[in-house]
Amino acid sequence: MKSLVVANWKMNPPSFKEAKRLFAATKKAAESAKHTTVIVAPPAIFLRELSSAYRGKRISFALQNAHSEAGGAYTGEISLAQATDAGAAYVVIGHAERRAAGETNEDTRKKVAAALAMKITPILCVGESSRNHEGAHFALVKEQLRAGLSDVEPSGMKNLVVVYEPLWTIGAEKAMSPRDMHEMAIFIRKSVMELKGGTGMNTKILYGGSINESNVADMLRNGDVHGLLVGRASEDGEKFSALLQAIEHIA
Ligand code: PGA
């Protein structure tokens, strides 16, 4: 099965000129990565021009966030309809950095439901901001899943991606160990199936947090994940190309 790699550029790069250059490198890297489906999530302001100029098949586009309402007085927000119109097939929902800035489980519930209604695939991010020895993170992740998925029909579960990306591994020096991710992937799979039944089997589970060319293969082999959400290593064409090549070598 192909791996899924979400290239989350976050609030980078600073100019459209650089975004075009990064996209050209990403495109080249994606073309020789036969075992990977790449989803590029650029800053929203660059999305339309990048997607409309792209003629290939290997890359899809995502918005890093969108509002759940169809329109109205929401200054500074972008609707899912506008996202689709600009070329997005996916939307990232509840990224740890957005949760840290105040996004709630209730917000993610509305966004996931609105995205599915618009036929945009939600990429629902879950994960704790820190861990303690009592293992409270499991209950927290379960609650994020329960809330985020509460308006999803069981049949919607095949059009949904869950990313486990704990805040403490994002922008960090080290990724989580594949062994710990394996444990969490089992927990997420079990939770999703408890919540939604057998169709939860089809939901793709990814990992995000400090993934690069050196640790990607181990995570894919041993972490029980279908793919990765990549921040820093996607913001540099050479690093991203090396990461995709590392995936090719294990495939
Ligand atoms: P990072 O970001 O790869 O830069 O750690 C990952 C993420 O946003 O989940």
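These notes cover the structure that comes with them.

1. A few points about the overall build of the protein
Item 1. Counting its secondary structure elements, the protein contains nine helices and eight strands.
Item 2. At 17 Å, the protein has a C-alpha radius of gyration in line with the 18 Å of a compact globule built from 251 residues.
Item 3. The 251 residues of the protein split such that 50% are buried.
Item 4. Contacts in the protein between residues at least 24 apart in sequence constitute 73% of all its contacts with a sequence separation of at least 6.
Item 5. Entry remark: accessible area of the protein is about 11900 Å², with carbon and sulfur atoms responsible for 51%.

2. As for helix α6 (residues 136–148)
Item 1. End to end, α6 covers 18 Å across 13 residues, agreeing with the expected 18 Å (1.5 Å per residue, within 8%).
Item 2. Regarding α6, the residues found buried are His137, Val141, Gln144, Leu145, Ala147 and Gly148.
Item 3. Contacts made by the buried residues of α6 are with α4 (96–100), α5 (105–117), β5 (121–126), β6 (161–164) and α7 (178–196).

3. Some remarks on the pattern of salt bridges
Item 1. Counting across every chain of the model gives ten salt bridges.
Item 2. Between Lys111 and Glu103 there is a salt bridge; the shortest N-O distance is 3.2 Å. As far as the burial class goes, Lys111 and Glu103 line up, both buried.
Item 3. The partner of Arg146 in a salt bridge is Glu143, and the shortest N-O contact between them spans 2.8 Å. Here Arg146 pairs with Glu143, and both are found in helix α6, just three residues apart, close to one helical turn.
Item 4. Each of the salt bridges in this network shares a partner with another, and the network as a whole consists of Arg98, Glu103 and Lys111.

4. Notes on the site of the ligand
Item 1. Near the ligand, the surroundings consist of 13 residues, among which Lys10, His95, Gly171, Ser210 and Arg232 are the closest.
Item 2. Between Arg232 and the ligand, the recorded distance is 2.8 Å, taken from a side-chain N or O atom to an oxygen atom.
Item 3. Burial of the ligand by the protein amounts to 99% of the accessible area it has alone, namely 280 Å².
Item 4. When grouped by side-chain class, the residues that make up the shell around the ligand number two nonpolar, eight polar and three charged.

5. Topic: the sheet that holds strand β4 (residues 90–93)
Item 1. Pairing is parallel around the closed barrel formed by eight strands, whose spatial order is β1-β2-β3-β4-β5-β6-β7-β8. Taken pair by pair, the neighbouring strands of this sheet meet at an average axis angle of 25°, ignoring direction.
Item 2. As paired strands, strand β2 (residues 36–41) and strand β3 (residues 59–63) are joined by three bridges and run parallel to one another. Among the inter-strand pairings, Val40 is bridged to a residue of β3, identified as Phe61.
Item 3. Sheet strands in contact with α7 are β5, β6 and β7 (204–208), and its direction is about 145° off that of β7.

Thresholds applied
- Residues numbered from 1 in each chain as written.
- Predicted model: local features only at pLDDT ≥ 70, side-chain atom pairs only at ≥ 80, totals over all residues.
- Heavy atoms only, no water.
- Helix = DSSP H or I, 4+ residues; strand = E, 2+ residues; numbered from the N terminus.
- Rg over C-alpha atoms; globule rule 2.2 N^0.38 Å.
- Buried < 20%, exposed > 50% of the residue type's maximum accessible area, 1.4 Å probe, protein only.
- Contact = heavy atoms within 4.5 Å.
- Areas by Shrake-Rupley, 256 points an atom, 1.4 Å probe, with all protein chains shown as cover.
- Expected span 1.5 Å × (residues − 1).
- Salt bridge = Lys/Arg side-chain N within 4 Å of Asp/Glu carboxyl O.
- Near = heavy atom within 4 Å.
- Polar contact = N/O pair within 3.5 Å; in protein donor to acceptor, adjacent residues only side chain to side chain.
- Nonpolar A, V, L, I, M, F, W, Y, C, P; charged D, E, K, R; others polar.
- Pairing = 2+ DSSP bridges.
- Axes fitted to C-alpha atoms, helices over the stretch in contact; angles between N-to-C directions.

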